[in-house]
Structure formats: C-alpha cells, structure tokens
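# Observations on the three-dimensional arrangement
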Number of protein chains: 2
Amino acid sequence: MSYAIGLDYGTNSCRSLLVDLETGEELGSVVFPYPSGQLGILTDPADPNVARQNPQDYLDGLVKTVTGAIEQAKEARPDFDAAEIIGIGIDTTGSTLIPVDERGMPLAMLPEFKDNLNAHVWLWKDHTAHQEAADITAKAEETRPEYLAKCGGTYSSEWWWSKIWHCLNIDRPVFDAAHSWVEHCDWLPAVLTGTEQPGQVARSICAAGHKAMYCDEWGGLPDKNFLDSLDPALADLRERLFDKAVTSDTKAGGLSAQWAGHLGIPEGTAVAVGAFDAHMGAVGSGVKEGTLAKILGTSTCDITVSPSSKELADIPGVCGIVDGSVLPGNYGIEAGQSAVGDIFLWFVNHLVPDSYGATQDEKFINMEKAIADGKPGDTGLMALDWNNGNRTILTDVRLSGMVLGQTLHTQAHEIYKALIEATAFGALTIIKRMEEYGVVINDVVNTGGLAVKNATLMQIYADIIGKPLKVAASDQTCALGAAIYGAAASGQKTIEEVQEKCCHMRERVYTPIAENQKVYAEMYELYRTLHDAFGSTDWSGKIDHVMKDLISIRERQRG
Amino acid sequence: MSYAIGLDYGTNSCRSLLVDLETGEELGSVVFPYPSGQLGILTDPADPNVARQNPQDYLDGLVKTVTGAIEQAKEARPDFDAAEIIGIGIDTTGSTLIPVDERGMPLAMLPEFKDNLNAHVWLWKDHTAHQEAADITAKAEETRPEYLAKCGGTYSSEWWWSKIWHCLNIDRPVFDAAHSWVEHCDWLPAVLTGTEQPGQVARSICAAGHKAMYCDEWGGLPDKNFLDSLDPALADLRERLFDKAVTSDTKAGGLSAQWAGHLGIPEGTAVAVGAFDAHMGAVGSGVKEGTLAKILGTSTCDITVSPSSKELADIPGVCGIVDGSVLPGNYGIEAGQSAVGDIFLWFVNHLVPDSYGATQDEKFINMEKAIADGKPGDTGLMALDWNNGNRTILTDVRLSGMVLGQTLHTQAHEIYKALIEATAFGALTIIKRMEEYGVVINDVVNTGGLAVKNATLMQIYADIIGKPLKVAASDQTCALGAAIYGAAASGQKTIEEVQEKCCHMRERVYTPIAENQKVYAEMYELYRTLHDAFGSTDWSGKIDHVMKDLISIRERQRG
C-alpha cells in the first residue's frame, strides 16, 4: 500500500486529504478554519483593501488537519500505517506573501512586529498595492513589455512586486526588517523540512512564474535595472530573494524530525515543492494536454497545459503562461473569469422576487426548473458577465455587467438563464483565444459547486462550449493534486500514473446537443460583438442589428 | 354663468366633466365602464391582436355620464341651470373606426352583423392589420414618401387605412356593406347632432391628419392612384369617405331634439367636432406655443404646437404633425414613448424582492425613498427605455430594453432609478429633436399618475430635461380639453380665454438643480451614444468608453 497527503490552504481555512495512491480512495480529510481575524482574515477598518493573515494559523492547521486525517484513515482501514505515506504536497493561495527574517522566521512571529499588520501575511486578495501595480505596468510597458506579455498584459495589485513595493512605501521598518519574502506555498514546505535560511527555501515555479515575473527567458526574476527603476531598495532586495524556481514534483526535502513528531509521519518523508491551489486542483482534476480543468465557483479558474517541446507564443489577455507551473514538461496556461457564481448570487439576492421561493436555495431551484425545458434564445436576452470586471481575455476591471433584450414580460428566471449563458459565452471566449494560439482543448473537466449541483447550467455550458463536459468525482481536487505532487516528489511514482489511478470522473458527461449548439453559435456572434464593442479599444463598427437579431431568434425559438 | 361639458372616451370607460368656464371649477364628473366584453373590449380567443368595441356602449355611456354630471352640478350649486351649458366637446381614442351604412348606422347595430366582430368598432389597439401596415409603408416609401414624412416614417397597424384594408382582405361582406367608415370621435358628434348621412359628418382634422394620411398639401386623403395601387376597392371607397377635415373649434352642429331630451340639455346647444384624447388633453393642460404637454402614464404622449404662420419642416421620427390637430392656427406636433410607467410596473412586478415591501405600492414607495437622497450617476447604471420598442424618435418596435453598469452590489432601487433616468433621457431626446427643427419648448406641463404621485421621478425629469416641469391641477385634462372645445364651438369663447381661466397648475413646480443638470448632461451623451448605436442604422463608431465613463462618474458622485 502507498498513500500521500495533500494539504490545501484556502482563503478562510485549510484542509488535508489522505489518499490511497492505488485507487484514489480518500481515507481521511479534516478542515481547519483559521482562528485569527474575521474568517481567518486580518482587516483594517480604515482601509477595505487590507487583507492579511496570521502565519501561526497555518502551523496550527498543519497539525490539526494531518493528525486528524491519519486518525480517520486508521478508523477506515484498521491496518493503515502512516509509514506508508510516501509524500506530502501543499497548495496555497497566492500571491500570499510572508516577510521573513534571516532565519526564515515570519516577522509577524517576532514580538516586536506581532501587532503590525504589515509584518503579517499579505493575503492574495489584499488590494492595497493598486498604485504600485499601475506603476509597474506602466514602467514595464515602457521598458520591459516581455514581462507583461507572460501575465496577460497587466501587472496586478495582488501580485508579488506590487505588495513588496507597497510595504516599502508605507512601512519602511517592516521592509527593512524583512531579510527576504516567501510565498505561503514556499514557506510551508520549508517549515516541514526544517529549512531555515531563506536562501535555501525551494521556490515554486508556479508562484514565481505567475506572480513574480520570473522566467528563464530573462534569467529568472526581473533584472536589477528594472527593479532599480522602480525603487533602488527593490534592486537590493533581489539578491536576497532567489535565483531559481522549480516544479512541484521536486522534493523540497525530507520531513524534519521535529515535524515528524508533530504529525506522526516518519522523518524524511518526501515533502514536495508547493504550488497554487488552482494549479494543483487542475492536476487533481486530471489535467493533461487536450483537457481544460475548470473550477466553477464564485469566479472561475481555467487551467490547461501545452507541451514545452511545442512552441507556444504569448497569448494576449491570458493571465499567465509558465513552463512547469502545472505539469513538469508542459507550459501551464492559466485564465479565468472574475465572477460566475458571484453573479448568480448577486442576482438571486438582489433581484429575484419571493414568488420563486423563500430562501436563496429555493429561488435557485425554482428558476432552474423554470428554464430547464427552454430553448436557446427563447428569452430574447443577452448579458455580459462583467459585474466584477473581466479577467480573461480583456484583463480590465473597469468593465461592468449588462443585460439586453428585456420586454415588458421578461421574468427573473429568464434573466438568470441569460446570466448563465453569458458566463458560458465568457468561458468559450477564453477557450477560443487559447485555441487560436495553438492550444489543444478536446474536453473540459469541471469542479466546484456549480458543476456538481446545477445540471441545467452544465448542459447550457456544453451546448455553448461545444465540447464534452466532465465533472471530477473528487470534491477536493486541490488537495488531491497536492497529494499527487507529494507522491511524485517521493520519486516512487509519476504524476501521470497517479492521475490515472486517482482522478476519477462522475458518470454523467454533458454532451453538446447539436441543434442547441447551432443557435448558441449564432448567439455567440452577438455576444462577441457586444464583448468587443464594450470591451475593446480596437473595436469600431455597428451594433444596430443586435436587438433585432435577438428578437428574431426569440421568435424562431418560441415557434 | 356659463358651463361646458367635456366627454372623454377612453379604452375601457368614458367619463364626463362639467366645467364652470369662468373659474375652471369641476362641478360634475361621472365615469361609465363599457359593459361589453372584457373591460369593454371584444376579443377573439384565437387571435390576441383583435380588439373591438360595441358602439352601443358609447351611447349608453353618453346618457349616463352627462345626466349624472348634471345631477352632481345641481347638488353642488343649487342654482345650476343646464341651459347655461354653452357647448359639448368630445374626445376619443383613435384610430378607432366604425363601419357605417348609408344612414350612418354602425353595421354592428344591424341585426345581420350583430355577431360579427369585424362589423364592430375597430379599437385603436387592434393590431390585426400589421401586414397591411407594412405593405402601406413599403408602397408609400416607394411612391409617396411625403405621406410617411408626416407620420414619422412608418404607417401603423393601428391606423385608418391598415384597418379598413384588413377588413377588405378578411371580411368582404362587411367591407361591402360599409358605405363609409367614421372615426369614433366623428361618430359621436354626428349622433348628438342627428347627422345621419356619412357624407355630412364633420370630420376631425386631428383624426384624419394623424391616422388617415390626410393633408391639405396633397388635397386631403391619399390620392386615388395610390389607393388603387393598394387595392382598387380602396380607391372606390375614397369617394364615400370625405373631402375635408376641420379643427375642433368648429361646431359640428346643434344638439338634436332627440338627444336634448335624453341628456336634459337644450336643443341646439353647440356640439364641437371631436378629436383624440391626448390632443384634447394637451389643450386641457394649457398647451400653447412654448409649452409641451406630457401625459406621463403607462406610455407617454408628448404634444406641443407651433404657429402655422411659421414654416415647419417634417421632423424625422416624430409621430405626427398636423395643422390644427391641437389648436387652430397651429401645427399640432405629437410624439411619445412606447413605455414609461409600464417599464416601472414590469420591474416592480418581476424583479423587486419582497424586502422592499409586500405590495406593489410599498415596493415603489420604498424604492423611491431609497433613491431620494442619491446623486445623479451614483448608481453607475445606464438603461435604455425600449422594453416596448421606441415610438419617437426611432419609430421601431423591434428594439428592446437594456441595463448596463451592474456590479456585484447593484440593488433593485438603483436599477429603478436607472429606469426612471432612461425614460427621462428618452423624453429629452424627443424634446431635442423638436427643438432641432425649430419648435420652441420653454416648459413642460405634466399630467398622469406619475406626475402627481412621484416627486422623486419628477425632480429627476426636471434635472435631465433641464426645463421647469409643472403639473396640471386637473386630473381630467382630456375631458377638460373637450369641454374647452365645446365652449369654443359655441362661438361665445375663444380657446385661449377658456384655457386661461380653467387650466390651473399645481403649486409645486419642479425646477432643474444646476449641479445635477451638469452630471445628467454628461450622462445624456452616454445615453445618446447607446441610443444611436443600438437604435440607428446610420450609426457607426466606438462604445468602449461607455462603461468606463459610468464607473468614473459613479466614483466621482459617491465621493
């Protein structure tokens, strides 16, 4: 028997998953909500952009979730032996940054900084560095356009350099006290393997490549001159960061004696280099060449791979292309939609009358029933899915939602259907952009609550995307991906082999219905016209046909 | 003392108003719901486009409402004497057509046709003649573009020739039995004055000019060749219709002995030529050069005048320009929005959650409260008011509604505000079009439920339109206008003189607030861009700035 443990560090909690590597059976899983702050997030009443975390929460979670999962495994399988755990893998959110001292100790854990939010973990959704992000984008556009091409054209306030520079600008004592900075996904493997010196910490190519402008093409991190042009202190810092980032099948080290004791797992057990949650989630969904892994949640993350042996140009508007960020030997390609489930939640909570039901769930269920037997285009409506801006392919937060085609008879469930369709058209736009640049996508594996719960949505997605849509069997694909990496880091298994055994699909596959596909293809042209007209500075033309075409389609489809 | 009676024949009921011509005091008013059909409308379960009426209902209503009003007047003023009623005026809906025999008898009143819907009154909202309307438009575009120029560019299924032609196409026996056709507003004065021969019936310039393509420029009704090109039977009918239509200050005749008996009013009392409700409503609102009368209801009707002595070109997209249709010696100019109150009703009934209140009224009141203290543009939203198409200035039913600018936080009352603003921008678009063509508009007099009940809406309208908005004191401006015409037809009073004494305004005038006007002017540019982009075949250009501008305005206005 052989097992691996995957650890998935989310925004509000972390969870473990203990997996049988021969069958994929999930023998134990424990969730630990971070105790600090509000739902694990330290906020500042004066600035809604602040989102920090307490690194101690991560360590507490490590012990609780791993020991708990082992206990569950022992209950499920009396002959379970923790010595058969061959590896541990970890995924986290990101860029989630920790300023550390020379011994690798988070500044937040030092008495002098324990009350200083800037010395704590800078959570991915901290948006205080928006000005620095804009300045980095502007500077890179001017002098290093190649840096931007890899990350979709715009550097984000959520990312590595924006946050570090913002810390430098607002809290010099913290910046000066930080010998180095580490991503959350790099810190935990370092902790588990007893790696104290920041210079020795194994750095994730997934994190570095997506967030820190790291690329082999230009020798790793951004060059010193560029950083100097932002602030000389950043150029100085560069030397105290890292030269090399590696893929997550790399063994960060063996479990330290101390942590072997805490967790009840043998010393020396392989600990894999970390990566981000969505990337490991894609691996746990069985991503491979030709398969797009899609996390359908409040927003989406769309990840696929393309062999590194095949040339791949930069794909305009795609958030990130990083060699090895998902699967070693493949470019990892990451895209996403800023809001999907969030749009439905907004709609149901703000604009759906109680005639659909007393609760949010009832309203969703009754709206789903009301649209289940409809035909594409029978509402006459068309929406744009930009209530939270557009991440891919427009990379523009200054966009907004739209609904068009309302009559005096339009009902809430029809608008709900239009919103579902809009998010599906948005998803198709991402796929089309990837395909235009030579990425092969044959099918889509979905995870997330919507994929599991909303069959009507899934069929609409299949009809619009025009490819078979599968749903991953595991509810914990991120942790499963982390476990797969733990196994690979041991050297005893390959990723492909574990994926084959552990990444199961649910029975129901959503296959496109040809007659629906045809109508949706027609409607996609209209969506794309609106998408480009409202979203692209390059577009110029006519849109007076849009309302009329939608009315014609509605008349035809209603018969 | 002198009095007049105004009779207002609406879609579902008719009402009388007995007015003191020295003070405008309303001494009596009775409503009579038409007893036939559903709410007075005869329908055909097989065809939702059918809307007919029973002419007997009109006669029954005449007796009930006039005698009732006189009784009320006697109660209110013991010395009231019906002999002091100097005139009777009548307005009706239109084109509401009655096929009559050689004695002027409606075919529906003949035993052989009493069960035939096609022999009944063809109510304005009967839409069975849509194909004929399209054919007339096409033919006129080809050979008589001048006919279309006066009625906004498109001939409607609601109008005179479409309906008569449709009757010819679907029910030849009725068409053949009809010696002539009369508008409802022409039939009632003929009845009251005992005018039996259709050829003697005084015809309203308001009805003929707006609906029957009648214009002095081309010698009255459309020429015989044109009608022949539609159907030779229409060309034959032309001779049995009329040569001349007149303004409503013309005396159709004196009250007949028979009807003097029925009503209790002296024989010979002046009966005015009829007109349509909105036009007489404008007169009752005090319309004159420089004043736009606006009926703010489920849809709107916007009417003003321009002196006939001043040249007035055709105004593209404006429904109708007819010399004398509103005030003698003035071009009557009619425009309108296809849906205003209807959009708010649709929204409150379909998309407003019960957290705003249990009833429609509560929801409206609470939404109004929620937006009352807001600033222009603070919602970030922009809507198009086309849920029922666009009557003026685009004259296009194949348009639809739109809401743009939604975030994940947009609330129902914010959308309500955007819908109010959109209807106000639509109203402004009509005014601007009129002004471009030299029509003077200094202020707006409003009537209708929204004008009376919704102060928040009225202030938004004032800020967007940028002119003082008054509200007529009378709730029955149509009947008041009819009474004014009744008085004028007596020859004892002029219209202006009665308007001066009887058309009072409510105390509250809505004056534009300068700082709001400025922001709304900026937003109107965006509305107009969307309006033209979606609504005009001539437009071509860029709209990628629209969402961004709305976000910028929102940020600025929220401060």
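To keep things clear, this report deals only with the structure shown in the data block. In this text, all values refer to a predicted model and were calculated from it rather than measured experimentally. Note on numbering: residues in each chain are counted from 1, in written sequence order. Chains and ligands are labelled by the order in which they are written, letters from A for the one and numbers from 1 for the other. The model is predicted, so local features are restricted to residues of pLDDT at least 70 and side-chain atom pairs to those at 80 or more, both for listing and for counting; the totals for chains, interfaces and linings are taken over all residues. Hydrogen atoms and water are omitted, and side-chain values are computed over all heavy atoms in the structure.

## A word on the relation of the copies chain B and chain A
Filter applied, for reference: Superposition of the copies used a least-squares fit over C-alpha atoms from residues whose pLDDT is at least 70 in both. In what follows, a contact means two residues having at least one pair of non-hydrogen atoms within 4.5 Å.
Once turned by 180 degrees and shifted 0.1 Å along the axis, chain B lies on chain A with an RMSD of 0.1 Å. Taken together, these values place the two copies in the relation of a two-fold axis. Scanning chain B for the C-alpha nearest the rotation axis identifies B:Pro353, at a separation of 2.0 Å. The share of interface residues of chain B whose copies in chain A are also at the interface is 100%, consistent with both copies meeting through the same surface.

## Considering the side chain of B:Asp91
All names here are of chain B. Here is the rule we go by: We count a stretch as a helix when DSSP gives it H or I for four or more residues in a row; a strand needs E for two or more, and each element gets its number in order from the N terminus. Burial classification: accessible surface area is computed with a 1.4 Å probe over protein chains only, and a residue below 20% of its type maximum counts as buried, one above 50% as exposed, and the rest as partly exposed. The charge count treats Lys and Arg as positive and Asp and Glu as negative. His and the chain ends do not count. We define a salt bridge as a contact between a side-chain nitrogen of Lys or Arg and a carboxyl oxygen of Asp or Glu at a distance within 4 Å.
Structurally, Asp91 is set in strand β7 (residues 85-92). Buried charge Asp91 goes without a salt bridge, the closest partner of opposite sign being Arg15 at 8.7 Å. In this view, Asp91 contacts Leu7, Asp8, Tyr9, Ala275, Phe276, Asp277, Met280, Cys478, Ala479 and Ala482; residues no more than four positions away in its chain are not counted.

## Focus on the sheet that holds strand β15 (residues 300-307) of chain B
Residues and elements named next belong to chain B. As a reminder, the rule being used: Criterion used throughout: strands pair if DSSP finds at least two bridges between them. Note on geometry: axes are lines fitted to C-alpha atoms, helical ones only across the stretch in contact, with angles between N-to-C directions running from 0 to 180 degrees.
Judged by pairing direction, the sheet is mixed, and its six strands sit side by side in the order β16-β17-β15-β14-β20-β21 without closing on themselves. Edge positions in the sheet fall to β16 (320-323) and β21 (469-471), since each of these pairs with one other strand and no more. With strand direction ignored, the average angle separating the axes of adjacent strands in the sheet is 25 degrees. As judged from the six bridges shared by strand β14 (residues 290-296) and strand β20 (residues 441-447), these two strands associate in the parallel manner. Its bridge partner being in β20, Thr291 is matched across the sheet by Asp443.

## What to know about the sheet that holds strand β20 (residues 441-447) of chain A
Residue and element names in this part refer to chain A. Read across the open sheet, the six strands follow the order β16-β17-β15-β14-β20-β21; overall the sheet is mixed. The open sheet terminates on both sides in strands that have one partner only, identified here as β16 (320-323) and β21 (469-471). Each neighbouring strand pair of the sheet contributes to a mean axis angle of 25 degrees, computed without reference to strand direction. Pairing between strand β14 (residues 290-296) and strand β15 (residues 300-307): four bridges, direction antiparallel. Pairing of Leu296 across the sheet is with Thr300, part of β15.

## Focus: the environment of A:Leu27
All names here are of chain A. Looking at the secondary structure, you find Leu27 in strand β3 (residues 26-28). Note: C-alpha distance between Leu27 and Leu345 (318 residues apart in sequence) is 33 Å. With residues near it in sequence (within four places) discarded, Leu27 still touches Tyr3, Leu18, Gln72, Ala73, Ala76, Arg77 and Phe80.

## Some thoughts on the interface of chain B and chain A
Short version of the rule: Simply put, the buried area is the total loss of 1.4 Å probe accessible area from both parts when two parts are fitted together. Whenever two N or O atoms come within 3.5 Å, that pair is a polar contact, provided that in protein one can donate a hydrogen and the other can accept it, and provided that, for residues adjacent in sequence, both atoms are side-chain atoms. In the scheme used here, Gly and all other residues not listed as nonpolar or charged are polar, with Ala, Val, Leu, Ile, Met, Phe, Trp, Tyr, Cys and Pro taken as nonpolar and Asp, Glu, Lys and Arg as charged.
With 49 residues of chain B at the interface, the matching set in chain A holds 49 residues. When chain B packs against chain A, the two sides together hide about 4100 Å² of surface, and 57% of this comes from carbon and sulfur. Considering only the side of chain B, the residues that lose the most area to chain A are B:Arg398, B:Leu408 and B:Met547, jointly responsible for 19% of the buried surface there. Across the contact surface, chain B and chain A share four salt bridges. Between B:Lys548 and A:Asp396 there is a salt bridge whose closest N-O contact spans 2.6 Å. Counting every contact that joins chain B to chain A gives 29 residue pairs in polar contact (both at pLDDT 80 or more). Taken together, the elements giving at least two residues each to the side of chain B that touches chain A come down to α12 (341-351), β19 (401-406), α14 (412-436), α19 (514-535) and α20 (545-558) of chain B. Looking at the side of chain B that touches chain A residue by residue, the classes come out as 24 nonpolar, 16 polar and nine charged. Where strand β19 (residues 401-406) of chain A and β19(B) come together, five bridges link them in antiparallel fashion. Looking at the pairing, A:Gln406 lines up with B:Gly401 of β19(B).

## So, unusual backbone geometry
At the junction of A:Thr392 and A:Ile393, the peptide bond is cis and its omega measures out at 10 degrees in the coordinates. Following the sequence through the fold, A:Ile393 ends up in the loop between β18 (382-384) and β19. With omega at -10 degrees, the peptide bond leading from B:Gly94 into B:Ser95 counts as cis. Residue position: B:Ser95 is located in the loop between β7 and β8 (97-100). Even without glycine at this site, A:Met213 takes up a positive phi of about 55 degrees. Residue placement: A:Met213 occurs in the loop between α7 (205-211) and α8 (224-230). According to the relative accessible area criterion, A:Met213 is buried, its value standing at 5%.

## Concerning the packing of helix α2 (residues 130-143) of chain A against helix α4 (residues 160-170) of chain A
Residues and elements named next belong to chain A. We count it as follows: Angles are sorted into four bins: roughly parallel if under 35 degrees, roughly antiparallel if over 145, roughly perpendicular if 65 to 115, and oblique for all others. The handedness criterion is simple: a crossing whose near helix is rotated anticlockwise from the far helix by less than a right angle is left-handed, and one whose near helix is rotated clockwise is right-handed.
It is at 8 Å that the axes of α2 and α4 come closest, and there the two elements cross at 120 degrees. In terms of orientation, α2 and α4 fall into the oblique class. Once α2 is placed against α4, the crossing between them reads as right-handed. Facing α2, whose interface residues are Glu132, Ala133, Asp135 and Ile136, α4 presents Trp161, Ser162, Trp165, His166 and Asn169.

## Considerations on the environment of B:Ile365
Residues and elements named next belong to chain B. Residue placement: Ile365 occurs in helix α13 (residues 360-372). On the accessibility criterion, Ile365 (46% relative accessible area) is partly exposed. Along the primary structure Ile365 and Lys453 are separated by 88 residues, whereas in three dimensions their C-alpha atoms are 10.0 Å apart.

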